[in-house]
Structures are given as structure tokens and as C-alpha cells.
Amino acid sequence: MLNHTQDAEDVLQFLSQYQRYYILSHIEPDGDCVAASLALASFLKRRGKLVTLLNEGPFDRPEIRNYQPHFESTAPAATALQDSDAAAVILDCSDYGRLGALSQIVGQLPVAVIDHHSTNETNAACTLLDSSAPSTTVLIQLLIEHSGERLTPTEARHALFGLCTDTAYFRHLDHDSGDAFRFAARLVDAGASPRETHDAMFGGQSLASRYLIARWLERARPLCEGRALITYHTREDGREFAPAEFDTATLYQLLLGVHGCSVVAFVREESETSCTGSLRSITDLDVAAIARMFGGGGHKRAAGFFIERSYTEVYAQLTTVIEERLAELPPPVPNVHPETP
Ligand SMILES: [Mn+2]
């Protein structure tokens, strides 16, 4: 991570300057943006500030559903903002468009941005930005620590939750991640529990959702001698297991853990004539390029699409495309730790 002494001081100055703060974060919130909002709100309240948390939602992810009551989903009236001694803090959001309708606040108040995406928006009064930070909560932790105060146990719990959700419980971190563990260690010392955090992220699922995953797993079909696995979900499955949570994250984790498998494709029937597709890759295969062929997009390692075509047709086409693309790549390196001599 970068050295942020000056930025942290500027942001702390900004956070002491006004009486009320509106804390905003991106639509389709995740654990990091929710936890960063709550930790910052707690810190500001201890300093005597008034705080309103804003997020348009939806709070669909099972691990954050309980947090929704802390957030307002609509912006205060413009008249309430005029003449008020207020400012906005935008968290975990690289593009104001991702604030949804709440972005209207941005033009009306002084703004600070705290984020770990590469952010291009430049009209902020001050920023704390670091695309090498593993989560936004780490930047909130850095700010609080820089102020000379300790995190409260509740703030530490929020901060560890954000760090763990954005790194898939540290699984996405690589050799250069020592800082993340040093930040995490201080959070545990301040009262956060790795065990409780893990339970909050992965516990509390219904049995029906496990049966549904079993159905998807049973159908997984190897492509290219097992270098990829493809499976699907029908509307009939949805009816049979309703109201099971749709835990595709666990499906991807299980399938990508299969020996030799480095690409997973999942096709979900939406209607008789439409479906969605999701792709995950832990190899050089760029799944965003495949998703674009079906009208979607995403990242090199995680991408998706929605298309007006039957799921059976898309399943067949996706099978062909993945087999062709994988055949062009050099033979796979085994998906296991190398033997040390
Ligand atoms: Mn984040």
C-alpha cells in the first residue's frame, strides 16, 4: 500500500470541518462498502458529528441483508442541503454513476472520496485513494489510526468484515499482501474475531440452498478434458427449491477447486426465451471477451451477460466457444502448489 500521511491529514481535516456528513456508497452494495460506511459513521459520531448513511441498495447479498435498516435509500431534499453545515463522503465507488440517484448530492455539497478502485472523478475537495489497498475498510482503519485514536471493538468488527468480504476471506490475496494481514492483526487486537467474521460471511444459509448447489454440481459437465466445467439452472429448479438463496459464489469455489479446472460457466434460465450466463476463470482465458460475444462484459476473471435466447441454445454455444478458446491456450499448469525441492 501507498504512504498516505498527507491525504489522511487532509481527509481528517475535512471530517472535522462540518457538522453533518452524508456517507454514500455504490449501488448493489457489498460487505466492504456497507462495513466502511458503518465504521466511518461510528468514528464521526464519537467526534460529535451528525451522520446519515445513504445507499440505494438493493441489499440482496445474504451477508449484508441485516444492515439495510442503517441506510436511507433516497437523498434528502435539496432545500435540506442548502445552508446546512454538511458535506458528503463517498466510499468504495470509482464512478459517481454507481451511486444511482443519490449522485445528485455530489453537486450540492463538498465531497471527500475514500476508495480502493482506480477513481477518475476529480471534483472532490480531498481524497484518500489507493488501488493497492485490499478494501475500503482498510483505508477507514488507516484514517482512524492516523487520527491517533483506537478503533472501538464495533469499528474493528466492521473493518475486518469489509476486508474479508473484499478478499473472499483472504483467498484473493497473493504474495504482496503482508500489509493486509498487519491491518487485520490490529483489528483482531482491537476486538474483531476471524471466527465470527467467517460465520457472518458464510453461515446462516438455508438447507434448500445447499440442495440447490447439489443440483448444479450434479450437472457439471467437463469441457476440454476437465479444464472447464459448465452447469445450469432452470426455472423449474427455482420453483422446486424456493425460496433458497442463490449462492453461486460457493458453486464457483467448489468447481474451481476441482483438479485441473480453471474455468467455470453457469447458465441460468430466466424465461422461455432468455437467460443469463456467468463465467469465472483462474487462468489466462479472458472470460470478459467471451461474455462480450453474448452481449455482456466484465473482468478478465469474472464476467457475465443477459441474452434473449433460450438457455439450452446458449449452453450449447457457450460450450463450443469455451472449448475453442481453451484449445488455443498452452497446456495448463497444474492447479496445485509446486513441490518445493
Ligand atoms: Mn471494496
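In case you missed it, the structure is sitting above this.
Quick caveat, the model's predicted, so the values are computed rather than measured.

Caption draft 1: Highlighting the overall build of the chain. Broken down by element type, the chain carries 12 helices and 11 strands. At 22 Å, the chain has a C-alpha radius of gyration in line with the 20 Å of a compact globule built from 341 residues. In terms of its C-alpha atoms, the chain occupies a principal-axis envelope of roughly 60 × 55 × 40 Å. Here the chain holds 341 residues, and 37% of them are scored as buried. Sequence separation of at least 24 residues holds for 65% of the intrachain contacts in the chain that already meet a minimum separation of 6.

Caption draft 2: Main features of the sheet that holds strand β2 (residues 50-54). Reading across from one edge, β2-β1-β3-β4-β5 is the order of the five strands in this open sheet, with parallel pairing throughout. The open sheet has two edge strands with one neighbour each: β2 and β5 (126-129). Put simply, the sheet's adjacent strands are angled 15 degrees from each other on average, direction ignored. Along the sheet, helix α1 (residues 5-17) makes contact with β3 (86-91), β4 (111-115) and β5, crossing β5 at roughly 130 degrees.

Caption draft 3: How the structure looks around the pairing of β3. With five of six residues buried, β3 lies mostly within the body of the structure. With six bridges connecting them, strand β1 (residues 20-25) and β3 associate as parallel partners. Bridged to Ile23 within β3 is Val89. Examined bridge by bridge, β3 and β4 share four bridges and lie parallel to one another. Opposite Ala88, over in β4, you have Val111 as the bridge partner.

Caption draft 4: Just the packing of α1 against helix α4 (residues 136-146), in detail. Two elements in contact, α1 and α4, have axes whose closest approach is 10 Å; the angle formed by their N-to-C orientations is 80 degrees. Accordingly, the angle class assigned to the pair α1 and α4 is roughly perpendicular. Across the interface between the two elements, Ala8, Val11 and Leu12 from α1 touch Leu142, Leu143 and His146 from α4. Grouping the constituent residues of the contact of α1 with α4 by class yields five nonpolar, one polar and no charged.

Caption draft 5: Up close: the environment of Tyr22. Assignment of secondary structure puts Tyr22 in strand β1. Taking the C-alpha atoms as reference points, Tyr22 and Ile90, 68 residues apart in sequence, are found 8.4 Å from one another. Apart from residues no more than four positions distant in its own chain, Tyr22 is found in contact with Thr52, Leu54, Ala86, Ala88, Ile105 and Leu109.

Caption draft 6: Geometry of the pairing of strand β8 (residues 263-271). Within β8, seven of the nine residues are buried, which leaves the element mostly enclosed by the surrounding structure. As paired elements, β8 and strand β9 (residues 274-281) share eight bridges and run antiparallel to each other. The partner of Val267 across the bridge, within β9, is Gly277. In this structure, the hairpin formed by β8 and β9 is closed by a connection of two residues.

Analysis parameters
- Residues numbered from 1 in each chain as written.
- Predicted model: local features only at pLDDT ≥ 70, side-chain atom pairs only at ≥ 80, totals over all residues.
- Helix = DSSP H or I, 4+ residues; strand = E, 2+ residues; numbered from the N terminus.
- Rg over C-alpha atoms; globule rule 2.2 N^0.38 Å.
- Buried ≥ 20, exposed ≤ 12 C-beta atoms within 10 Å, placed from the backbone.
- Contact = placed C-beta atoms within 7 Å.
- Pairing = 2+ DSSP bridges.
- Axes fitted to C-alpha atoms, helices over the stretch in contact; angles between N-to-C directions.
- Parallel < 35°, antiparallel > 145°, perpendicular 65-115°, else oblique.
- Nonpolar A, V, L, I, M, F, W, Y, C, P; charged D, E, K, R; others polar.

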